[in-house]
Amino acid sequence: MRTPVIAANWKMYKTPTEAESFLTAFLPLVREQTKSEIVLCPPAIDLTFVLAGVQAGSVRVGAQNMHFAEEGAYTGEISAAMLTALGVTHVILGHSERRQYFAETDETVHRKLITALKHRLTPIVCIGERLEEREGGETEEVLTRQIGVAIGGIDPAQLAPMIVAYEPVWAIGTGKTATPEMAADAHRLIRGEVARLAGKSVAERLRILYGGSVKPENAATLLGQPEIDGALVGGASLDPQSFAKIVGAA
Ligand code: PGA
């Protein structure tokens, strides 16, 4: 059995004070739950505050991005060592908004994945097709390429901590969700490709999250699919009650 992961991607929302208010409301709501791993990924500037807020509890804290270089003249960037020094355990890599607005490519995601694994950060690698790719019948090809380039050449033994998030780009922030069947099909494809490239045991243990307009109203149906091992939640993770309901649905 794979332990579900419910991750919040706050994107560029919440000041440190707003992050602290979120925790005050959210943590009591999930204190009793032990069935899934909860990961909060706030903006980088909030990481210290969120880490202090969750303290010794079971909620983990992740970053939304990092650079692949160890250090260097990269104005505005953050390294893996900086994240681990704070106590950050997870990092989202290759989110579609990073690919769309900040020129991330399959290749940069691959380089970031290597660095994250080296620093024992748990990477949440995001892949997903755009609307025109789905309509053009290219979903399979896009997902196969994205996962293939991301993990290509990495020693399978090192890939064990990796988490993958399948996020169809057309479902992000649009209110449109993939049907549970569509998501399950994509997850099966991704798991099959990981099995082919990295072996069956890595693939069987791999947690594949679904992301794209996950809300309290649809969480139970999506998370009820055996192929769906959790969720990466944007908009609905900003509100403590709604995110706690999604955690409860897992
Ligand atoms: P959404 O975002 O839940 O607001 O669609 C998901 C994501 O971008 O990770």
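Just above, that's the structure.
A brief report on the enclosed structure follows.

Procedures and definitions
Residues numbered from 1 in each chain as written. Predicted model: local features only at pLDDT ≥ 70, side-chain atom pairs only at ≥ 80, totals over all residues. Heavy atoms only, no water. Helix = DSSP H or I, 4+ residues; strand = E, 2+ residues; numbered from the N terminus. Buried < 20%, exposed > 50% of the residue type's maximum accessible area, 1.4 Å probe, protein only. Contact = heavy atoms within 4.5 Å. Areas by Shrake-Rupley, 256 points an atom, 1.4 Å probe, with all protein chains shown as cover. Near = heavy atom within 4 Å. Polar contact = N/O pair within 3.5 Å; in protein donor to acceptor, adjacent residues only side chain to side chain. Nonpolar A, V, L, I, M, F, W, Y, C, P; charged D, E, K, R; others polar. Axes fitted to C-alpha atoms, helices over the stretch in contact; angles between N-to-C directions. Parallel < 35°, antiparallel > 145°, perpendicular 65-115°, else oblique. Left-handed = near helix turned anticlockwise from the far one by under 90°. Salt bridge = Lys/Arg side-chain N within 4 Å of Asp/Glu carboxyl O. Pairing = 2+ DSSP bridges.

### Details of the overall build of the protein
Next up, step 1: Looking only at helices and strands, one finds 11 helices and 8 strands in the protein.
Next up, step 2: Projected onto its principal axes, the C-alpha coordinates of the protein cover approximately 45 × 45 × 35 Å.
Next up, step 3: When burial is assessed residue by residue, the protein has 53% of its 250 residues classed as buried.
Next up, step 4: Taking the intrachain contacts of the protein between residues at least 6 apart in sequence as the baseline, contacts between residues at least 24 apart amount to 71%.
Next up, step 5: For the protein, the accessible surface area stands at approximately 11,600 Å², while carbon and sulfur atoms represent 54% of it.

### Topic: the site of the ligand
Next up, step 1: For the ligand, the set of nearby residues contains 13 residues, the closest of which are K11, H95, E167, G173 and S213.
Next up, step 2: In this structure, an oxygen atom belonging to the ligand sits 2.7 Å away from a side-chain N or O atom of K11.
Next up, step 3: G173 is positioned with one of its backbone polar atoms (N or O) 2.7 Å from an oxygen atom of the ligand.
Next up, step 4: Within the complex, the protein chains bury 95% of what would otherwise be the 280 Å² of accessible surface of the ligand.
Next up, step 5: Looking at the shell around the ligand, its residues break down into 4 nonpolar, 7 polar and 2 charged.

### Thoughts on the packing of helix 7 (residues 139–151) against helix 8 (residues 180–198)
Next up, step 1: Running from N to C, helix 7 and helix 8 cross one another at 40 degrees; their axes reach a closest spacing of 10 Å. Between helix 7 and helix 8, the crossing angle belongs to the class labelled oblique. Between helix 7 and helix 8 lies a crossing of right-handed hand. Here E140, L143, T144, I147, G148 and I151 of helix 7 come into contact with helix 8, specifically with A186, L189, I190, E193, V194, L197 and A198.

### As for the pattern of salt bridges
Next up, step 1: Enumeration according to the criterion identifies 16 salt bridges in this entry.
Next up, step 2: D229 is the partner of R2 in a salt bridge, and the nearest nitrogen-oxygen pair spans 3.0 Å. Of this pair, R2 sits in the segment before strand 1 (5–9) while D229 sits in the loop between helix 10 (216–223) and strand 8 (230–233), and the two are 227 residues apart along the sequence.
Next up, step 3: For R2, a relative accessible area of 24% corresponds to the partly exposed category.
Next up, step 4: A relative accessible area of 5% places D229 in the buried class.
Next up, step 5: The residue R188 makes a salt bridge to D185 at a minimum N-O spacing of 2.9 Å. Highlighted residues: R188 and D185, both in helix 8, separated by 3 residues, approximately one helical turn.
Next up, step 6: Overall, the relative accessible area of 45% leaves R188 in the partly exposed class.

### What to know about the sheet that holds strand 2 (residues 37–41)
Note: strands within a sheet are paired through backbone hydrogen bonds, in either parallel or antiparallel orientation.
Next up, step 1: With respect to topology, 8 strands assemble into a closed barrel ordered 1-2-3-4-5-6-7-8, the strand pairing being parallel. Taking each pair of neighbouring strands and ignoring which way they run, the sheet shows an average axis angle of 25 degrees.
Next up, step 2: In this sheet, strand 4 (residues 90–93) lies alongside strand 3 (residues 60–63) in parallel orientation, the contact comprising 2 bridges. Across the sheet, A63 pairs through a bridge with V91, a residue of strand 4.

### A short note on the side chain of H67
Next up, step 1: Within the secondary structure, H67 is located in the loop between strand 3 and helix 3 (80–86).
Next up, step 2: Side-chain polar atoms of H67 contact the backbone nitrogen of A69, separated by 2.8 Å.
Next up, step 3: Each residue touching H67, except ones within four places of it in the same chain, is listed here: Y74, E77, I78, K112 and T115.

### Some points on the environment of T115
Next up, step 1: Counting through the fold element by element, T115 comes out in helix 5 (residues 106–118).
Next up, step 2: Take T115: its relative accessible area is 7%, and that puts it in the buried class.
Next up, step 3: Setting aside chain neighbours within four positions, we find T115 in contact with M66, H67, F68, E70 and A80.

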